[in-house]
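So you can see what is in the structure, the chains are spelled out below.
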Amino acid sequence: MSTKLTVALILITLFVTSGCTTVKPWERGTLSKKEMSWSPDPLAATLGEHIYFAKEAAAGGYGSAGGGCGCN
Amino acid sequence: MSYNKKQNISPTLAALYSAAFALPAYNKTVEAAGAPDSEPSISARISKYDEDRLSSSNFSGLGDQKRYDIEVGQVSVVYPINDTVQLTVDSAYEKMSGASPWFVQPDAEGSPVQVMSGATIDDERFDASAKLDIYKGKYTISPSVGFSTEKDYQAIFGGVSVARELDNKSTTLRGGISASFDEVKPTSDVVNDPNRIDSDDKENVSAFVGIGQVINKNTVVQSTFTIGHLSGFLSDPYKLVFNSAVPGLRDNRPDDRTQYIWSAQLRRWSETLSAALHADYRFYYDDWNIRSHTLDVGFLKHTDSGWSFEYSMRYYSQTQAEFYEPFYQAARSDGYYSSDYRLSPYGALSFRVKLAETINNWTVGVSAERYISDKSYSLQSVDVENPGLVDFTLFTFGVDYSFK
């Protein structure tokens, strides 16, 4: 990766984390809602990633693992 | 409860809320969940994937314009074994038919047109995987294994990831490794080609690190960096390339590929809309010189009456592999050739909607996606569009049941 991109990623991370406030467990009712999850419908996400993997050059990057297939 | 009253919460009430947060339903938004689900659940999906017929303006006249149709069935079972271990088993079955892009050639005006396979391809694929989530205090350890099998391809894969909670679950650190070992065994169903390989292998290993952070009571973010390395037979055994200088060439790609991926995800609750806003971004780069940007944004709303509605849009753009050409007019010194549309420069847009209703232990839903790819959607100017770019529609019907 280029130096510019690395610097940009560091700046983005610092910007995002600088806005953090301490959130107590009893304040996390909203964060616990199902619609706030990283993957509200895991099966739909699995199928979607599989299709994009088969039809596009880029794949992965969200921390999940899987195998290849003859589709790509 | 009003959030601005938190300063006056009694220790007892605070302890109760802390206990409530420890319940599984409260933890599903955080990657290191902290505890298994309280009850088993099963989910099933039936999907119909239809690629658009190849347009006549992009068709060479050779082969069949009817592209892939795939019927997909998926089942997932989540089973909490005890207080600290949860098992998830996923399986999928696909039945596919249709013609596939074979190679690209110039027409009378020199514009690229697609030659399709001349026979209908019929194949089936089955995959299954199992994952354990083992909760050990602030750690969640998740080993997984799986396999995928079809007529001309076998894969076994596995991995392990670890999540560590910090700062009273405000921060989650994650890391993991995975590997896949694949065998390619081309069939003669499409075209009987004596020069095609009989079988070959490829391997894929990857590792990732990530961090999740609660920003405030309505916002959480996550960022992941992944590095992956593929090696072995990475070409498409069914595809040829057109080269006016060197006839009879096959798709031939380097036998190594290193991938670098950075992703960032945001979930934000809108008090105004009483809905969740999702934004996922991914930057991808590999040493075939492909760069891509993916942005996925969504709106998810659940009502008190049990209805849920989702709308999302995805934008994707990629540059071409350094050895890609629609067709060739000279020999390449490195010997690498591919006219695969998946290695060409283009952009794509997709739109998704989902509607579901939950009644007691059951959730029933339907969803649809429309995907369109075009050179004009690319972030960079594209001179010549690959004629094999795909557009598709996906319909899904799903049922979830929780054994409450």
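For clarity, every value in this text was computed on a predicted model and none was experimentally measured.

A few words on the overall build of chain A. Per the secondary structure count, chain A includes 2 helices and 0 strands. Of all 72 residues assigned to chain A, the portion counted as buried reaches 40%. Of the roughly 3,300 Å² of accessible surface on chain A, a fraction of 66% belongs to carbon and sulfur atoms.

Along the backbone of chain B there are 2 helices and 20 strands. In chain B, which comprises 404 residues, the proportion classed as buried is 47%. Nonlocal contacts in chain B, meaning residues at least 24 apart in sequence, comprise 60% of its contacts between residues at least 6 apart. Accessible area of chain B: about 18,800 Å², with a carbon and sulfur share of 57%. Distance between charge centroids for chain B: 8 Å, based on 38 positive and 53 negative side chains.

Now for a nonpolar patch on the surface. Residue and element names in this part refer to chain B. A cluster of nonpolar side chains, contributed by Ile46, Leu295, Val297, Trp307, Phe309, Tyr311, Met313, Val353, Leu355, Val364, Val366 and Phe397, occupies part of the molecular surface with about 990 Å² of accessible area. Looking at the nonpolar patch, the elements that each hand over two or more residues are β16 (291-302), β17 (307-318), β18 (346-359) and β19 (362-374). Along the chain, isoleucine 46 turns up in strand β1 (residues 41-51). Assessed through its relative accessible area of 57%, isoleucine 46 is described here as exposed.

Moving on, we come to unusual backbone geometry. All names here are of chain B. Of note, the phi angle at aspartate 167 is positive, near 50°, even though the residue is not glycine. Along the polypeptide, aspartate 167 turns up in the loop between β8 (153-166) and β9 (171-184). Residue asparagine 168 is not a glycine yet carries a positive backbone phi of 55°. Topologically, asparagine 168 is positioned in the loop between β8 and β9.

Here we take up the pairing of strand β4 (residues 101-106) of chain B. All names here are of chain B. Summarising the sheet, β4 and strand β5 (residues 112-116) pair through 5 bridges and their orientation is antiparallel. Its bridge partner lying in β5, proline 106 is registered against proline 112. What sits between the antiparallel neighbours β4 and β5 is a turn of 5 residues, in which glycine 110 has the positive phi angle 90°.

This brings us to the interface of chain B and chain A. Quoted interface sizes are often the accessible area lost when the parts come together. Taken together, the 88 residues of chain B in the interface contact 50 residues of chain A. Summing both sides of the interface, chain B and chain A together bury roughly 6,100 Å²; the carbon and sulfur share of this comes to 61%. Here aspartate 41 of chain A ties to arginine 45 of chain B by a salt bridge, and the two come within 3.0 Å at their closest N and O atoms. Seen at the junction of chain B and chain A, the total is 25 residue pairs in polar contact (both at pLDDT 80 or more). In terms of residue count, the dominant contributor to the side of chain B that touches chain A is strand β14 (residues 256-270) of chain B (9 residues). Class assignment for the residues of the side of chain B that touches chain A results in 40 nonpolar, 25 polar and 23 charged.

Nonpolar side chains in soluble globular proteins tend to end up buried together. With 30 residues, the main nonpolar core has Tyr49, Ala321, Leu343, Tyr371 and Phe392 of chain B as its most contacted residues. Within the residue set of this core, elements represented by two or more residues are α2 (42-55) of chain A together with β2 (69-80), β18 and β20 (392-402) of chain B. Broken down by element, the residue count for this core peaks at 3 residues, all from α2 of chain A. Those residues in contact with alanine 321 of chain B, other than ones at most four positions away along the chain, are Trp288, Ile290 and Leu343 of chain B. Membership of the second largest hydrophobic core comes to 9 residues, among which are Met36 of chain A together with Val214, Ala276 and Leu300 of chain B.

Moving on to the pattern of salt bridges. All names here are of chain B. The tally for this structure, following the rule as stated, stands at 22 salt bridges over all chains. Salt-bridge contacts for aspartate 340 lead to arginine 253; the nearest nitrogen and oxygen are separated by 2.9 Å. Pair noted here: aspartate 340 is in the loop between β17 and β18 and arginine 253 is in the loop between β13 (249-250) and β14, with a separation of 87 residues, a long-range link. Like arginine 253, aspartate 340 is buried. A salt bridge links aspartate 280 to arginine 267; the shortest N-O distance between them is 2.8 Å.

This next bit is on the side chain of serine 292 of chain B. Within the secondary structure, serine 292 of chain B sits in strand β16. On the basis of relative accessibility, which here comes to 0%, the residue serine 292 of chain B falls in the buried class. When sequence neighbours within four positions are dropped, the list of residues in contact with serine 292 of chain B reads Ala58 of chain A together with Arg282, Phe283, Tyr284, Tyr316, Ser317 and Gln318 of chain B.

Glancing now at the packing of aromatic side chains. Per the stated rule, a full pass over the model turns up 14 aromatic pairs over all chains. Taking 5.3 Å as the distance between ring centres and 65° as the angle between the ring planes, the aromatic pair formed by tryptophan 102 of chain B and phenylalanine 103 of chain B counts as edge-to-face. Residue classification places tryptophan 102 of chain B among the partly exposed positions, given a relative accessible area of 21%. Judged by centre distance (4.5 Å) and plane angle (50°), the ring pair of tryptophan 362 of chain B and tyrosine 401 of chain B falls under tilted. Here tryptophan 362 of chain B is found in strand β19, whereas its partner tyrosine 401 of chain B is found in strand β20, with 39 residues between them in sequence. In textbook terms, an aromatic cluster arises when at least three aromatic residues are bridged by ring pairs, as seen for Tyr52 of chain A together with Tyr49, Tyr371 and Phe392 of chain B. One Lys or Arg, arginine 67 of chain B, reaches over the ring of tyrosine 341 of chain B and ends 5.5 Å from the middle of that ring. Directly above the ring of tryptophan 288 of chain B sits arginine 257 of chain B, whose terminal nitrogen or CZ lies 4.2 Å from the centroid.

Secondary-structure assignment places arginine 352 of chain B in strand β18. Its relative accessible area of 19% is what places arginine 352 of chain B among the buried residues. A distance of 2.7 Å separates polar atoms of two side chains, one belonging to arginine 352 of chain B and the other to serine 312 of chain B. The contacts of arginine 352 of chain B, once residues within four sequence positions are left out, are Tyr52 of chain A together with Asp296, Glu310, Tyr311, Ser312, Arg314, Ala368 and Glu369 of chain B.

Right, let's get into the pairing of strand β7 (residues 139-150) of chain B. All names here are of chain B. With 10 bridges joining them, strand β6 (residues 121-136) and β7 adopt antiparallel strand pairing. Looking at β7, one finds that phenylalanine 126 is bridged to threonine 149. The hairpin formed by β6 and β7 contains 2 residues between the paired strands, and glycine 137 there has a positive phi angle of roughly 60°. Hairpin connection of β7 to β8: 2 residues between the antiparallel strands.

About the cut-offs
- Residues numbered from 1 in each chain as written.
- Chains lettered and ligands numbered in written order.
- Predicted model: local features only at pLDDT ≥ 70, side-chain atom pairs only at ≥ 80, totals over all residues.
- Heavy atoms only, no water.
- Helix = DSSP H or I, 4+ residues; strand = E, 2+ residues; numbered from the N terminus.
- Buried < 20%, exposed > 50% of the residue type's maximum accessible area, 1.4 Å probe, protein only.
- Areas by Shrake-Rupley, 256 points an atom, 1.4 Å probe, with all protein chains shown as cover.
- Contact = heavy atoms within 4.5 Å.
- Lys, Arg positive; Asp, Glu negative; His and termini not counted.
- Charge placed at Lys NZ, Arg CZ, Asp CG, Glu CD.
- Patch = residues over 30% accessible without salt bridge, like charges linked within 9 Å, V, L, I, M, F, W, Y side chains within 5 Å.
- Salt bridge = Lys/Arg side-chain N within 4 Å of Asp/Glu carboxyl O.
- Pairing = 2+ DSSP bridges.
- Buried area = accessible area lost by both parts, 1.4 Å probe.
- Polar contact = N/O pair within 3.5 Å; in protein donor to acceptor, adjacent residues only side chain to side chain.
- Nonpolar A, V, L, I, M, F, W, Y, C, P; charged D, E, K, R; others polar.
- Core = buried A, V, L, I, M, F, W, Y, C linked by side-chain atoms within 4.5 Å.
- Phe/Tyr/Trp six-rings, centres within 6.5 Å; stacked < 30°, edge-to-face > 60°.
- Lys NZ or Arg CZ within 6 Å of the ring centre and 35° of its normal.

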